[in-house]
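# Analysis of the macromolecular model
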Amino acid sequence: MRDPLVELTERGLYCRAGDFYIDPWQPVDRAIVTHAHGDHAVAECEHYLTAAPGRGLLALRVGEGADIQPLAYGDPIVHHGVGVSLHPAGHILGSAQVRIEHQGEVWVVSGDYKLSPDPTCAPFESVRCHCFISESTFGLPIFRWAPPAATMQDVAAWWRTNQQSGRTSLLLCYALGKAQRLLAGVDPEIGPIYVHGAVERMNAAYRAAGVRLLPAPPVLEAARGADFERALILAPPSAQGTPWTRRFKRPVRGFASGWMQIRGTRRRKVVDRGFVLSDHADWNELLAAIAGTGAERVFLTHGYAQAMARHLRERGLDAHPLATRFVGEAGGEELAASPASSDMPERPDEDPAAASEGPDSPEDDLPDAEGEPA
Amino acid sequence: MRAFAALYAALDETTRTSEKVAAIRAYLAAVPPEDAAWAVYFLIGRKPRQAVSTRKLRTWVSEAAGVSEWLFDECHEAVGDLAETAALLLPPPTRTTTLPLHRWVADRLLPLAGKDEAAQKTDLRAAWDELDRGERLVFHKLITGAFRVGVSQRLVIAALAELGELAPATVAHRLMGAWQPSAAQYRSLVAAESDQPTTSRPYPFLLAHPLEGDPAELGPRDAWQAEWKFDGIRAQLVRRGGQLFVWSRGEELIGERFPELAPIAGRLPEGTVLDGEILPWKDGDILSFAELQRRIGRKICRARSSPRSPSPSSPSTCSRRPAATSASAPSASAGRSSSNCWPRWSATSCACRPSSTPPPGSSSASCARTAAPATSRA
Ligand SMILES: [Zn+2]
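Counting starts from 1 at the beginning of each chain's written sequence and moves along it residue by residue. The order in which chains are written sets their letters, starting at A; the order in which ligands are written sets their numbers, starting at 1. Residues qualify for local features only when their pLDDT is at least 70, as the model is predicted, and side-chain atom pairs are given and counted only at 80 or more; totals for whole chains, interfaces and linings, by contrast, use all residues. Values reported for side chains reflect all heavy atoms of the structure, with hydrogen atoms and water molecules removed beforehand.

Residues and elements named next belong to chain A. Each domain's extent was defined by an automatic or database domain assignment. Assigned domains within chain A: domain 1 (7–142 + 279–321) and domain 2 (148–277 + 360–364). Relative to domain 2, the C-alpha centre of domain 1 lies at a distance of 28 Å. Each side of the interface is counted separately: domain 1 has 19 residues, and domain 2 has 19 residues. When domain 1 packs against domain 2, close to 1500 Å² is buried across both sides, 72% of that on carbon and sulfur atoms. Summed over both partners, buried area is the accessible surface (1.4 Å probe) that two parts give up on being assembled. The three residues of domain 1 that bury the most area against domain 2 are Thr120, Phe138 and Asp279, which together make up 32% of that side's buried surface. Salt bridge, as used here: a side-chain nitrogen of Lys or Arg that lies within 4 Å of a carboxyl oxygen of Asp or Glu. Along the contact surface separating domain 1 from domain 2 lie two salt bridges. A salt bridge links Arg181 to Asp279, with the shortest nitrogen-to-oxygen separation between them at 2.8 Å. Side-chain atoms alone can form a polar contact between residues adjacent in sequence; in general such a contact is a pair of N or O atoms within 3.5 Å, and within protein one must be able to donate a hydrogen while the other accepts it. On the surface where domain 1 and domain 2 come into contact, there are five residue pairs in polar contact (both at pLDDT 80 or more). Any two residues having at least one pair of non-hydrogen atoms within 4.5 Å are treated as being in contact.

Right, here's the structure in full:
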């Protein structure tokens, strides 16, 4: 049996034959970056290769001065005799799967992906391969998403309800990817939408790449006396509890993330409402994507890799977890979300009976993020 | 069932007490009284006995969802809640249900316990095909005897009190004892008049407040007396109608958790109300607060099984109030009467209180509010 085409090294996924890394977590000479989320794109590599629509986002992440070579989806290049092409992953703008071909063997590294529709990026493309390295962030059957359109309607209904009580709808979401997807998906007729500065930087990059997004001025640039009571505010989780949010009177806080599927996670985030909206494949999408590649060998990375691999082995696939540095420690952005705020849970004081009441489930220890600090 | 599941979700989603009360109130106002009765029953923590074991639920859900049991366990570990795990794993329902809560309870839930395994499984499969995720979560919690929701009884009482325009203590009283949920029971719960006697009702608890200003503001020193302050559970013992009622600060009857207090009933004169701290007591010493904490979460304690920490009440305020004169009776003799009626009164720390009705103009003194229930009660 020949050497694996892609192997895991201390610096990340490495293709020896082509002498390049995929999403390395330390600076290397040559890096193919699947997308611009912080846990996939490290700064200070000598040369970057990334899908053309994501070039601007990657430059935001690793610096304008970096040597970034854009590659159109589907365009093949050959490097040291290894064929490389990038294919849409449907995760965020410019996200790509990396197809690697060498001496008749084809491997695909998925990066992060989803199959459900997203108007802000190219849809996932199934690529046939011998070996598929798939993400498995939500690799448990409890994670099965409702259609995104239904979730968008939930967000809209929530926004309307908050408007009726004159309260700002503060929706926490990743600044990169999720915020733009929400902006593109929520009914703009309901009221004004404002964004946090971190979201605005990403919006600008999306617009520069030709993605049409509704006008959504940054909160700090909003006119004096802006009608925040009627507004939807999109902000990264790290904004929660900061002075920035104090300009909104009694905001109602929502959180849009796949982790909101679990009540315990939402409770720990101390938000009023969780919306299950993920840019990652759910259980069914993962199974469908893996089956679609026709791969005999599957490696799983991120999230519930062990469980997913075991399940696939029970179904006759040669599947194994692939340890990555980020398993279990993802989520810089969400980890920074502080639950501290002035109107936190009102504890009944000195009431022994009330003090005995509590959440009705043991607190588990789920990762706090969707696997991508932005 | 749908409305009740929505209420459960609403209570689960908000951290604000006022919103929880509003959600309960809105639900109770919207549903038929039979449903409201059962909802109150569940919300205040009463539950039907477990009909289906968690082991069986795990097996049957794994089967229905087409996952191995080890994978169910992985999911359970990720979710941390069995009823929720099962709700998330099951395939989507093909039907919906409009059956109201009381019918679900009477027709689908209560009969489960008496059925054999095969019939239980058939019933569960039928239920799963009609219930969405939120409804299944509630259903699973009810059939496994694990229904709990993050509200204290106090909030349910507050909602009922608002609905019936009643004093919370009235509602708390009406919720006590054994009752069977029904439309009539719910109507009498929120009715303006009730034929129930008011014997058990406590007085409003008067709370201590830290003194903001200078102690001199409290006025002449001889208007005050120092009193021990204990680290216990604030409670009122109400001795009326030949019965003893023990109320917590949250206006819950907690006598069942402190069976050691029952014998006191016979030793207190009729009409006595003691407002003080419940303390665990053994061999002449006060035990640690931890001994008490073990009682807090429980609903019922058998006196037989809990002799280790008898809990005499140590009144910080004590006044005997014959019903007819209670409104005007001063608490001047509080200190004396308390030692009369509870001889084993002992002390570990100290707090201040006026020894008599504070002189005019000194009503802002913070300790005075602690001390004079009889005078401040109109
Ligand atoms: Zn990502």
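Now that the structure has been shown, we can carry on.
Bringing the sheet that holds strand β2 (residues 12–15) of chain A into the picture now. Residues and elements named next belong to chain A. Taken in spatial order, the six strands make up an open sheet running β1-β2-β3-β4-β5-β6, and their pairing is mixed. Edge strands, defined here as strands with exactly one partner in the open sheet, are β1 (7–9) and β6 (68–71). Sheet twist, expressed as the mean angle between neighbouring strand axes with direction ignored, is 35 degrees. Two strands are counted as paired when DSSP detects at least two bridges linking them. Numbered from the N terminus, helices here are DSSP runs of H or I no shorter than four residues, and strands are runs of E no shorter than two. With three bridges joining them, strand β4 (residues 30–32) and strand β5 (residues 47–51) adopt parallel strand pairing. Residue pairing for β5: Ile32 is matched across the bridge by Leu49. Axis lines are fitted through C-alpha atoms, for helices just across the contact stretch, and the angle between N-to-C directions can take any value from 0 to 180 degrees.

Note that predicted coordinates carrying low pLDDT should not be read in detail. Residues and elements named next belong to chain B. Values of pLDDT, which run from 0 to 100, indicate the predictor's confidence residue by residue. Put simply, chain B has an average pLDDT of 76, and 74% of its residues get 70 or more. The low-confidence segment residues 303–378 (pLDDT under 50) makes 179 contacts with residues lying over four places distant or belonging to another chain. Both scores are given for the predicted complex: the pTM is 0.72, the ipTM 0.84.

So, on to the nonpolar core. Side chains that are nonpolar tend, in soluble globular proteins, to be buried together. We call a set of buried Ala, Val, Leu, Ile, Met, Phe, Trp, Tyr and Cys residues a nonpolar core when their side-chain atoms join them within 4.5 Å. Relative accessibility under 20% of the residue-type maximum defines a buried residue, over 50% an exposed one, and the middle range a partly exposed one, all with a 1.4 Å probe and only protein chains included. In terms of nonpolar packing, the biggest core is built from 107 residues, with Ile142 of chain A together with Ile24, Val40, Phe139 and Leu160 of chain B touching the most fellow members. For this core, the element with the highest residue contribution is helix α3 (residues 33–43) of chain B, accounting for eight residues. In contact with Leu160 of chain B, not counting residues within four places along its chain, are Leu28, Val40, Val171, Leu175, Tyr186, Leu189 and Val190 of chain B. With 34 residues, the next largest nonpolar core counts Val155, Val199, Leu234 and Ala256 of chain A among its residues.

This part takes up the state of the cysteines. Residues and elements named next belong to chain A. Here, a disulfide means two cysteine sulfur atoms that sit within 2.5 Å of each other. For the structure on display, the rule yields zero disulfides over all chains. In this structure Cys129 is a free cysteine whose sulfur lies 6.9 Å from that of Cys131, the closest cysteine sulfur available. Note on Cys129: relative accessible area 7%, which makes it buried. You can call Cys131 buried: its relative accessible area is 1%.

Quick look at helix α1 (residues 2–13) of chain B now. Here the expected span of a helix is defined as 1.5 Å times the quantity of residues minus one. For α1 of chain B, spanning twelve residues, the distance from its first C-alpha to its last is 16 Å, which sits close to the expected 16 Å at 1.5 Å a residue. Within α1 of chain B, the full set of buried residues consists of Phe4, Ala5, Leu7, Tyr8, Leu11 and Asp12 of chain B. Down the axis of α1 of chain B, the buried side of the element spans an arc of 155 degrees, and every buried residue falls inside it. Residues of α1 of chain B that are buried in the fold lie against α5 (263–269) of chain A together with α2 (17–30), α3, α7 (101–109) and α9 (133–143) of chain B. Working definition: the arc comes from the directions between the helix axis and the C-beta atoms, pointing outward to the latter.

Glancing now at the sheet that holds strand β16 (residues 273–275) of chain A. Residues and elements named next belong to chain A. Read across the open sheet, the five strands follow the order β13-β14-β12-β15-β16; overall the sheet is parallel. Strands with a single pairing partner mark the edges of an open sheet, and in this sheet they are β13 (193–195) and β16. With strand direction ignored, the average angle separating the axes of adjacent strands in the sheet is 25 degrees. Here β13 runs beside strand β14 (residues 232–235); their pairing, made up of three bridges, is parallel.

We now examine the pairing of strand β11 (residues 131–135) of chain A. Residues and elements named next belong to chain A. With five of five residues buried, β11 lies mostly within the body of the structure. As judged from the three bridges shared by strand β10 (residues 105–109) and β11, these two strands associate in the parallel manner. Bridge pairing in β11 links Val108 to Phe132. Across five bridges, β11 lies against strand β17 (residues 297–301) in parallel orientation. Looking across to β17, one finds that Phe132 is bridged to Val298.

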